[in-house]
Amino acid sequence: MGRSLLFQPMSVRGLELPNRLMMPPMCQYSAASGGPEFGRPNTWHLVHYGSRAQSGVGTMVVEATGVVPEGRISIACLSLHDDAQIPAFKQLADVIHAAGARAFIQLNHAGRKGSSRPMWLESEGPATPDMGGWQPVAPSAIPVSENALTPRALADDEVDRLADAYAAAARRAIEAGFDGVQIHGAHGYLIHQFLSPASNTRDDRWGGGFEGRTRFVREVVRRTRAAIGEVPLMIRLSATDWVEPDALPGERSWTLADTCRLAPELVADGVDMINVSTGGNVLAKIPAGPGYQVPAASAVREALRGAGLDTPVSAVGLILSGAQAEQILKAGDADAIELGRPLLKDPTLPRLWATELHDEATPLPEQYLRGGVRGVL
């Protein structure tokens, strides 16, 4: 066992994670948008996730995967809406496991942020019907921006069926061999849209006050828990919309206080770990900087402890060194660290962090030993 806390194992609902370092979901926009391979992982995904799983990260969370075809963020995103897709996802889970990491998958419905084009296309705007685009849906008919499509407001029974769609996709993920699932409740996608009064102006059971706006996410969690049994269940939340109190009249945004209130309720519904991020639902000035989201993770963790719950919390967002990550854990601000974009350009980074922390628990794979780790012979 190494001396660092970062590379020590942790347990989530009885599942041991090899260490406290996680790769969060990062969309690859590389799935087929039509034909028999629609929405399925392919060679790109196998290579991408396999190489990152060898990095020393203990847990991989596969990118946002639509629970229905119209739940995808873009026309080139993954989807797990059909049992016929299970074998392709099993290949992906197997590759991650073969590299020594735990495999989770993020289940999502993009809501009003759906039907987009892959981010690197030169042309801007939403995907057109001839490209495979669709009219997005949302709690209310409020576009995310001036240039975005206006979504269609979901009917009551449609909302109810979508909660079942999350549960069905989760069941497929477990059948495919994933160790657990993460529900995407952050970054302005459908669940976050229901939570925030900036995007949810409904007056039925799915809107109104805090209880109505949180009903959808709680139904998703309860039904997903029933579908997967005693398998770890995470949820990713945007702890705040980053809207200044006086920027909008009345109760018009989702706040850190709301998240701290919701977190214990979600644990009671079946959540085993909360992954704390921020923003994404409305245009806001975000004070990004090293560790800028850590205080939100710390506040959520404190709220859980105040409720008598030891549910683990992860922190993410410009955590740029092993020493910084280690200090976050030692200070008790989080129980795990998510390492995202730096892993896109440097899949060996976790092993470098282990070397910097004088940790002996994360050696290079035997096949790579003669290469060392950047200056370490």
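Attention in this report is confined to the structure presented alongside it. (Residues numbered from 1 in each chain as written. Predicted model: local features only at pLDDT ≥ 70, side-chain atom pairs only at ≥ 80, totals over all residues. Heavy atoms only, no water.)

Here we look at the environment of His 184
Mapping His 184 onto the fold places it in strand β9 (residues 180-185). If sequence neighbours within four positions are ignored, His 184 has contacts with Ala 64, Gln 106, Leu 107, Asn 108, Tyr 189, Ile 191 and Arg 236. At 3.3 Å, the side chain of His 184 forms a polar contact with the backbone nitrogen of Ala 186. (Helix = DSSP H or I, 4+ residues; strand = E, 2+ residues; numbered from the N terminus. Contact = heavy atoms within 4.5 Å. Polar contact = N/O pair within 3.5 Å; in protein donor to acceptor, adjacent residues only side chain to side chain.)

Details of the state of the cysteines
Using the criterion set out here, one finds 0 disulfides in the structure. The thiol sulfur of Cys 27 is not disulfide-bonded, and the nearest other cysteine sulfur, from Cys 77, lies at 4.4 Å. (Disulfide = S-S within 2.5 Å.)

Some thoughts on the packing of aromatic side chains
On inspection of all chains with the given rule, the structure shows 4 aromatic pairs. Relative to Phe 216, the ring of Phe 194 lies with its centre 4.7 Å away and its plane at 40°, an arrangement referred to as tilted. Of the two residues, Phe 194 sits in helix α4 (residues 190-195) while Phe 216 sits in helix α6 (residues 215-228), which places them 22 residues apart along the sequence. Pair check on accessibility: Phe 194 and Phe 216 agree, each one buried. With centroids separated by 6.0 Å and ring planes inclined at 10°, the aromatic side chains of Phe 210 and Trp 254 adopt a geometry described as stacked. One end of the pair, Phe 210, is in helix α5 (residues 210-213); the other, Trp 254, is in the loop between β10 (233-238) and α7 (256-269), and 44 residues separate them in sequence. When sorted by exposure, Phe 210 lands in the same class as Trp 254, which is buried. Sitting over the face of the ring of Tyr 189, Lys 113 holds its NZ or CZ atom 4.9 Å from the ring centroid. Above the plane of the ring of Phe 210 lies Arg 261, whose end atom (NZ or CZ) is 3.8 Å from the centre. (Phe/Tyr/Trp six-rings, centres within 6.5 Å; stacked < 30°, edge-to-face > 60°. Buried < 20%, exposed > 50% of the residue type's maximum accessible area, 1.4 Å probe, protein only. Lys NZ or Arg CZ within 6 Å of the ring centre and 35° of its normal.)

Considering the pairing of β10
In regular strands, side chains alternate between the two faces of the sheet. Taken across its 6 residues, β10 has 6 buried, putting it largely inside the fold. Neither face of β10 is left uncovered, since the one carrying Leu 233, Ile 235 and Leu 237 and the one carrying Met 234, Arg 236 and Ser 238 both have all their residues buried. Of the pairings in the sheet, the one linking β9 to β10 comprises 5 bridges and is parallel in character. By the bridge assignment for β10, Gln 182 is matched with Met 234. Here β10 runs beside strand β11 (residues 273-277); their pairing, made up of 5 bridges, is parallel. (Pairing = 2+ DSSP bridges.)

A closer look at the environment of Gly 289
Looking at the secondary structure, you find Gly 289 in the loop between β11 and α8 (294-306). Its relative accessible area of 18% is what places Gly 289 among the buried residues. For Gly 289 and Gly 317, which are 28 residues apart along the polypeptide, the C-alpha to C-alpha distance reads 8.2 Å. If we skip the residues at most four places from it in the chain, Gly 289 touches Gly 317 and Leu 318.

Focus on the packing of α7 against α8
The contact between α7 and α8 brings their axes to 9 Å, and the two run at 45°. Relative to α8, α7 is oriented oblique. The element α7 and its partner α8 pack so that their crossing is right-handed. On the side of α7, the interface is formed by Leu 256, Thr 259, Cys 260, Ala 263, Pro 264 and Val 267, while α8 contributes Ala 296, Ala 299, Val 300, Ala 303 and Leu 304. Its residues assigned to classes, the contact of α7 with α8 comprises 10 nonpolar, 1 polar and no charged. (Axes fitted to C-alpha atoms, helices over the stretch in contact; angles between N-to-C directions. Parallel < 35°, antiparallel > 145°, perpendicular 65-115°, else oblique. Left-handed = near helix turned anticlockwise from the far one by under 90°. Nonpolar A, V, L, I, M, F, W, Y, C, P; charged D, E, K, R; others polar.)

Notes on the pattern of salt bridges
Throughout the structure, instances matching the rule amount to 24 salt bridges. With its nearest N and O atoms 3.0 Å apart, the salt bridge here joins Arg 223 to Asp 164. In this pair, Arg 223 is assigned in helix α6 and Asp 164 in helix α3 (residues 156-175), connecting sequence segments 59 residues apart. In this structure, the salt-bridge partner of Asp 272 is Arg 225, at a minimum N-O distance of 2.6 Å. Highlighted residues: Asp 272 in the loop between α7 and β11 and Arg 225 in helix α6, separated in sequence by 47 residues. Looking at Asp 272, the relative accessible area reads 11%, which means it is buried. Via salt bridges that share partners, Asp 156, Asp 160, Asp 164, Arg 205, Arg 218, Glu 219, Arg 222, Arg 223, Glu 265 and Asp 269 belong to a single interconnected network. (Salt bridge = Lys/Arg side-chain N within 4 Å of Asp/Glu carboxyl O.)

Things to note about α6
Across its 14 residues, α6 extends 20 Å between first and last C-alpha, which sits within 8% of the 20 Å expected from 1.5 Å per residue. The buried fraction of α6 is high, at 10 of 14 residues. If you check which residues of α6 are buried, you get Phe 216, Val 217, Arg 218, Glu 219, Val 220, Val 221, Arg 223, Thr 224, Arg 225 and Ile 228. Buried residues belonging to α6 abut α3, β9, α4, α5, β10 and α7. (Expected span 1.5 Å × (residues − 1).)

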